[in-house]
Amino acid sequence: MKQVGIVGWRGMVGSVLLQRMVEENDFNHISAHFFSTSSSGKPGPVISGENSILKDAYSIAALAEMDIIITCQGGDYTKLIYSTLLEHGWDGYWIDAASALRMDERACIILDPVNRANIDRAVKEGIKLFVGGNCSITLSLMGLAGLIKADLIEWMSVMTYQSASGAGAKYVRELIAQSAYISRHLSDAELENPGSVLPLVNKVSELINSADMPVENFGAPLMGSIIPWIDSDLGDGNSREEWKGEAETNKILGLRQGTIPVNGLCIRVGVIRCHSAAITLKLKREVSEAEFAERVSHSHPWVNYVPNNKEASISQLTPASISGSLKVGIGRYKKMALNNEPVYSVLTVGDQLLWGAAEPLRRMLNILLNRI
């Protein structure tokens, strides 16, 4: 059995990864070793009734014993450890959830329902660095896979509505704390008053902007609001998150940079764990809703086409309905009135912690186990 090291298994992405590996019996096919940056020597997770002792995630010697390492520990850990491990002579496979090495020329961004041929080619060519893509981009591409495979997309404008989980566990806690803060300051009488709602609205607005509102992590209220910027400022009007749209889309698809122009705005919204994206598509020809539904529905098993009507959209195409599911919803497909050009709008919704993060990692592990 291959020796597989798992780092960062306690965090949100790591926890979901372990959950999925247990559900799919992945641990039956590997010798798993759990690493910790803070608790080495202590008991690790119990898998299939077996106890484990945590190894030191900073021990190059211990890491070098692994055939494959999967890390959800974050970019700082990757930057500190990966190059040192290579200098030590390690020749194993590194599977990473962090963005630190995505655009490295040695890296293959992994999203096998969309780019399995590129992944197989990378393994055959001896590539040993495999990195999960940006969550909002991967979820959008999962929905659009049928159009991608048919080479129908000329350009995309992607407006993302990204959940708190995309920022990390402490941000999720802060969003929930913001909600709790508002609730604590409202009485049942205020909520149930049949009179004018304006006093209630004004009070909630004051609470949202109060100096006591928990904003240490986000830097601004998210509950009852949005945050119209994600990641660093590139100085040209774009955030780094928006830059990733074009850079990663083309790399995932194995295309020269700029082949499919992608831009838009990335917005943080008060959702726990699902990312949504409103996408404007310029296609290379007219595509009816019937053809669109056929193409996306048959592209892979994890896409759920939602007909463009009110009832289906509000019941099936929402974070509330999709959270915790491996299905990526896609719907609201309609032609836009733009000089009769083949320009369409569409909405995708997917779980940021599953296909947006953990699932491509565990599937890449299994691809390697079947190939090496």
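Here we summarise the structure given alongside this text. (Residues numbered from 1 in each chain as written. Predicted model: local features only at pLDDT ≥ 70, side-chain atom pairs only at ≥ 80, totals over all residues. Heavy atoms only, no water.)

### What to know about the nonpolar core
Among soluble globular proteins, nonpolar side chains are generally buried collectively. Core analysis: the biggest nonpolar cluster contains 35 residues, and L144, I153, M156, L281 and F292 have the highest contact counts within it. For this core, the secondary-structure elements that each account for two or more residues are α5 (135–149), β8 (153–162), β12 (274–283), α10 (289–297), β13 (303–306), β14 (328–335) and β15 (343–351). In terms of residues, this core owes the most to one element, α5, which gives eight residues. Contact partners of F292, with chain neighbours within four places excluded, come to L147, V287, Y305, I330, Y333 and V346. (Core = buried A, V, L, I, M, F, W, Y, C linked by side-chain atoms within 4.5 Å. Buried < 20%, exposed > 50% of the residue type's maximum accessible area, 1.4 Å probe, protein only. Helix = DSSP H or I, 4+ residues; strand = E, 2+ residues; numbered from the N terminus. Contact = heavy atoms within 4.5 Å.)

### Comments concerning the state of the cysteines
Going through the model one piece at a time under the given rule, you end up with zero disulfides. With no disulfide partner, C72 has as its closest neighbouring cysteine sulfur the one in C135, 13 Å distant. (Disulfide = S-S within 2.5 Å.)

### Digging into the packing of aromatic side chains
Counted under the stated rule, the structure contains 10 aromatic pairs. Between F292 and Y305, the aromatic rings sit 6.0 Å apart at their centres with planes inclined by 70°, giving edge-to-face as the arrangement. One end of the pair, F292, is in helix α10; the other, Y305, is in strand β13, and 13 residues separate them in sequence. Accessibility expressed as a relative area gives 0% for F292, which makes it buried. Residue Y305 is classed as buried on the basis of its relative accessible area of 16%. Between F292 and Y333, the ring centres sit 3.8 Å apart and the planes meet at 5°, which makes this aromatic pair stacked. With F292 in helix α10 and Y333 in strand β14, this pair connects stretches of sequence that are 41 residues apart. The rings of F292, Y305, Y333 and Y344 are connected pair by pair, giving a single aromatic cluster. The residue whose ring lies beneath K128 is Y93, and the NZ or CZ to ring-centre distance is 5.2 Å. (Phe/Tyr/Trp six-rings, centres within 6.5 Å; stacked < 30°, edge-to-face > 60°. Lys NZ or Arg CZ within 6 Å of the ring centre and 35° of its normal.)

### Things to note about the side chain of S239
Mapping S239 onto the fold places it in the loop between β9 (226–227) and α9 (240–252). Those residues within four positions of S239 in sequence are excluded, and the remaining contacts are W229, I230, S232 and L234.

### Observations concerning helix α13 (residues 354–371)
Here α13 is 18 residues long and its end C-alpha atoms lie 24 Å apart, about the 26 Å a rise of 1.5 Å per residue gives. Of all bends in α13, the biggest is about 30°, found at P360. Among the 18 residues that make up α13, 15 are buried, leaving the element largely enclosed by the rest of the structure. (Expected span 1.5 Å × (residues − 1). Bend = angle between axes of the 7 residues up to and from the residue.)

### Section: the pattern of salt bridges
Under the defined criterion, the tally for this structure stands at 21 salt bridges. Put simply, D231 and K244 hold a salt bridge, and the shortest N to O gap is 3.2 Å. In this pair, D231 is assigned in the loop between β9 and α9 and K244 in helix α9, connecting sequence segments 13 residues apart. Across the salt bridge formed by E286 and K335, the nearest N and O atoms sit 2.8 Å from each other. (Salt bridge = Lys/Arg side-chain N within 4 Å of Asp/Glu carboxyl O.)

### Re the environment of S40
Inspection of the secondary structure assignment puts S40 in the loop between β2 (30–36) and β3 (55–56). C-alpha separation for the pair S40 and E125, spaced 85 residues apart in sequence, amounts to 35 Å.

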